[in-house]
Amino acid sequence: MILKATQLSMDFGGLRAVDRVDIEIHEGEIVALIGPNGAGKTTFFNCVTGVYPPTEGQIHINPPGGTEVSITGLKPNRIAERGLARTFQNIRLFPNMTVLENVMVGRDCRLKAGILGAILRDRRTREEEEQVIHDSHEILKKIGIEQHVNEQAKNLPYGAQRRLEIARAIATEPFLLLLDEPAAGMNPQETRQLDDLILRLRDVEKLTIFLIEHDMSLVMRLSERIYVMDYGELIAHGSPAEVKSNPLVIKAYLGEDVSA
Amino acid sequence: MEVLKELRKSLLLALWFVVLTFPIMVIRVNTITDTIEWRWERAILMAVGSFVGSFLWKFLLARQEARKSRQTAKGSSEASDDGASAQKSLTERLLARLGWTRDTLREKKVAIPALAILGAIVIVFPFVTSIYQSNIMISALIYVILALGLNVVLGLGNMLHLGFAAFYAIGAYTYGLLNHYFGVGFWIALPLGAAASAIAGILLAIPVLRLRGDYLAIVTLAFGEIIRLLLVNLSGITMGPSGVKSISRPGLFGLDLSYTQAITYTYFICLALVIFTVFIVHRLENSRIGRQLVAMGEDDIAARAMGVNTSRAKLTAFALGAVWAGIAGVLFAAKTTFINPDSFKVWDSVLILCMVVLGGMASIPGVIAGALILILLPEYLRVFSDYRLLIFGAVLVIMMVFRPGGMIPKRRKAYKLRPEELQGSAAVPVGGGEGDAP
Amino acid sequence: MDFEFFVNLLFSGLTRGSIYALLALGYTMVYGIVKLINFAHGEVYMIGAFTTLIMVSVLTILNLPILAIAVIAALVAIVWSAGYGYTLDKIAYKPLREAPRLSALISAIGMSLFLQNYVRLAQTSDFLPFPRFLPTVRFLDNYDGLSSSQFIIFTTTTVVMVILTIFIKFTRVGKSMRAAAQDRMMATLTGVNVNKTISVTFLIGSVTAAIGGILISAHVGQINFYIGFLAGIKAFVAAVLGGIGSIPGAVLGSFVLGLTESFGAGYISSDYEDVFAFIILVLILIFRPSGILGKPAAQKV
Ligand SMILES: Nc1ncnc2c1ncn2[C@@H]1O[C@H](COP(=O)(O)OP(=O)(O)OP(=O)(O)O)[C@@H](O)[C@H]1O
Ligand SMILES: [Mg+2]
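One structure accompanies this document, and this report is about it.

Reading the values: rules and limits
- Residues numbered from 1 in each chain as written.
- Chains lettered and ligands numbered in written order.
- Predicted model: local features only at pLDDT ≥ 70, side-chain atom pairs only at ≥ 80, totals over all residues.
- Heavy atoms only, no water.
- Contact = heavy atoms within 4.5 Å.
- Buried area = accessible area lost by both parts, 1.4 Å probe.
- Salt bridge = Lys/Arg side-chain N within 4 Å of Asp/Glu carboxyl O.
- Polar contact = N/O pair within 3.5 Å; in protein donor to acceptor, adjacent residues only side chain to side chain.
- Helix = DSSP H or I, 4+ residues; strand = E, 2+ residues; numbered from the N terminus.
- Nonpolar A, V, L, I, M, F, W, Y, C, P; charged D, E, K, R; others polar.
- Axes fitted to C-alpha atoms, helices over the stretch in contact; angles between N-to-C directions.
- Left-handed = near helix turned anticlockwise from the far one by under 90°.
- Phe/Tyr/Trp six-rings, centres within 6.5 Å; stacked < 30°, edge-to-face > 60°.
- Buried < 20%, exposed > 50% of the residue type's maximum accessible area, 1.4 Å probe, protein only.
- Lys NZ or Arg CZ within 6 Å of the ring centre and 35° of its normal.

### Side note on the interface of chain A and chain B
Part 1 of the argument: At the junction of the two partners, chain A supplies 63 residues and chain B supplies 53 residues.
Part 2 of the argument: Summed over both partners, the interface of chain A with chain B buries about 5100 Å², with 56% contributed by carbon and sulfur atoms.
Part 3 of the argument: Counting the surface chain A buries against chain B, the share from its top three residues, A:Ile119, A:Lys141 and A:Asn155, is 11%.
Part 4 of the argument: Summed over the shared surface of chain A and chain B, the result is 4 salt bridges.
Part 5 of the argument: Note that B:Asp299 is salt-bridged to A:Arg92, the shortest N-O span being 2.8 Å.
Part 6 of the argument: Where chain A packs against chain B, one counts 10 residue pairs in polar contact (both at pLDDT 80 or more).
Part 7 of the argument: The biggest single contributor to the side of chain A that touches chain B is helix α5 (residues 123-143) of chain A, with 9 residues.
Part 8 of the argument: Looking at side-chain class alone, the side of chain A that touches chain B contains 27 nonpolar, 16 polar and 20 charged residues.

The structure is reproduced here in structure tokens:
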């Protein structure tokens, strides 16, 4: 396993948004987390990435070629340094920075240059800086948005903004990529392109992918395993076929449809 | 019909303002001498003013709306060919009239002669003008340093700092007191003042690390007041409200300088320090540290998720900002040779804020322009000087509503890529990017 | 002697607390809905006091008893202050509702600076004597711990609080205010006219601020254009202390702050009177940023 959450819970005041959830991710997988609106999926991601300290439970990682460590309660930036990167459900780019700069910020956590380096701009800093520009540009090409390179992020079309979030996340050199509804708001054609992108990230970039998604066809096409949450609890887990036929899952989704 | 309706609206608005401002504008009472003065002409002025003003306001608001919708339209359209910011600055438009763009200014052919002329003017300035002029210019340059310092916190880090004058005070008092008690000279005090101020900056930043933006504003304001009250009340050390007198001017290898020479010398020190500041701030903003700071200012949560240590970034910003305030403070003490707590009130912090906002947050040329305008204009247009603070207040509101980017908005650096990268053949896009979209 | 001193400090603390409470209400209500520190709120308080002073001077020609003049002047001032509050929202904050928070905050600072200097230029920068028109309360005559004006300030504040609580709990507008404070989006969706609600909030906040300004000026006996700023900042501190967005919190925070300042000045040093508020602010923000009565809230991501 490379990520393991044990009995993870998160309370907001009286509301238990995540309730004793156990999840395990293995290297090279594409795993999906699904569930009706308000099930607690995003909150689970937030706990894993350190945005909220979980109320209870443990999170462990075991990076490929590394050893198992707990990341429970670490700050988000520490977790990012350890190789977990994420995107946000409501796109959170750095809107006034350029596309390239957005990606460069992602890569910056792997660099060393400090204030002195910035001021003196010695050879090492200059080389580092050039490397960042080069690498970031390569990432933009891989993600397919290099034509926007010097535009401000806020001026990008919606689909490209979603892609830029992924680009920025992989710039941090993660081993596990957490995507929160990457296909939200995309048209069918963009979604199909996203399929390809995610598969290639796994196959070419050797990333493990854990994604939250409401687009069931995408989830069924891509994921090897699926976790289902409802009201904060994990209600099912298994292969797409298993999950699809699980009565609890059907009920959770139908129940939502009726109320909606 | 439309026109009539607008007209009626504006008339009503004018009436509203006349009535609203009537007691304070028209009647002036003096309860000491027990006199009442009626100034009816002001009601008429108010009526005309607000009538015209309402049209101007509406016009500007409509333009703002149009600009915004244009931008969103562009954002959602697939083909966004030019990456330049949609907001054209005043300078850009002026330049365009000359058939130039902002990039023309960057071209060597234009930039070098322009810089040379500017340099020549700046260098001969103290010799061809009076001491009085030099003194004003020294003040202006000191404020340029202050504004560039605040710009690190406000412009890059997007943190509203309302206690900046406190760091200015710390710099000034470091020199003033060291000079008074121990006879320490300017050149030694300069780094000490910067260091003292930086330490204070870090001390302030530690408790506010976790605070949201608006609380930060209040805490920094509180900090500024605490420092000032300490300066007033610790009179055993600081000499209280009467302040520190006869501080030495900067020394030049122990030479005896006449007053004129000393001022000229101070002028050049200020000038050198401004250049030094610009150099460093410019390098910082295009570095890893600067990027992380901007990212934090843009979106704290996203920045942290991308591995930015926002606590450290905040500390760095506060410390760096404070360094410049400290340097400016030492310069101020050396220039006036007399300091007291009155120079470091909340409104002095707001004045510096105003410079950054007027010029353009995060934009170095903007901030310099802002500082020069706000110091020099009231000096040379004496009619203004009474209305200075009133106008500054209005400037803050108007800039925020109509031109949040300032006079010379920050333009993000466009990175030039190596030729082989521009061809885009090196890597095959994963998953067919939009590039392949029909 | 010692006990008397203590009682004096207690009453002066309660008086301060009352004034802070009248001001803090405006901060907390506006913050609750618009999420903005209305830096110009203290200026409304100052304008309330100034308008009263002007009206009292003008009305003396009517040859009415001073109390009647004072009441009329105060009412006029309160209405006018409400007008200022309403207008400043429309000019400086409404265009910035969707803008970054920083913009609105800077605009608020600008408005505060503008209004201060507007009064300074249109009137004077000197301190002006303010008529001490608060009537003497008979039954306090043979008790010298509590002055009449302190008593009146305290009672008025209590009455205002009670009225306000009833207003917010039971009227339709009050309910919209609470709805908008909880979730502006949801409130809009459920048919609350959020813009109108915000305007009402500014009106009410300005009314209470003006009442505070008038009372304190009549108590202290002098005013100038600058009295609003520090009082405003401190009232904001009180609102944060109690838990910003919470009305009972604002009242509680105000009294805590008023008493701290009063006892601090009395027993520690009056030189640092103004520092206490700021130290409290820093401490509360570090140890309990949600304030005494506020609920801790995690930012939604
Ligand atoms: N910061 C917060 N404070 C209070 N409650 C919160 C917070 N964040 C989330 N919640 C609540 O927790 C529950 C789970 O929310 P979450 O966003 O995790 O759901 P989700 O599964 O991601 O839903 P969606 O599919 O709509 O994104 C919801 O009831 C939500 O209102
Ligand atoms: Mg979600």
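There is more to say after this.
### Let's talk about the packing of helix α6 (residues 131-156) of chain B against helix α16 (residues 364-380) of chain B
All names here are of chain B.
Part 1 of the argument: In the contact formed by α6 and α16, the axes pass within 8 Å of each other and the chain directions differ by 145°. Of the two possible hands of crossing, α6 and α16 adopt the one that is right-handed. When α6 is examined against α16, the residues Tyr132, Gln133, Ile136, Met137, Ser139, Ala140, Tyr143, Val144, Ala147, Leu148 and Asn151 are found in contact with a partner set consisting of Ile364, Val367, Ile368, Ala371, Leu372, Ile375, Leu376, Glu379 and Tyr380.
Part 2 of the argument: Grouping the amino acids of the contact of α6 with α16 by side-chain chemistry returns 16 nonpolar, 3 polar and 1 charged.

### Looking at the packing of aromatic side chains
Part 1 of the argument: One pass over the structure, following the stated rule, counts 36 aromatic pairs over all chains.
Part 2 of the argument: Ring geometry for A:Phe45 against A:Phe210: centres 5.3 Å apart, planes inclined by 55°, an arrangement best described as tilted. One end of the pair, A:Phe45, is in helix α1 (residues 41-48); the other, A:Phe210, is in strand β8 (residues 208-212), and 165 residues separate them in sequence.
Part 3 of the argument: According to the relative accessible area criterion, A:Phe210 is buried, its value standing at 0%.
Part 4 of the argument: Here the basic side chain of A:Arg168 rests over the ring of A:Phe94, its NZ or CZ set 4.7 Å away from the ring centre.
Part 5 of the argument: Over the face of the ring belonging to B:Phe55 we find B:Lys58, whose NZ or CZ atom lies 5.1 Å from the ring centre.

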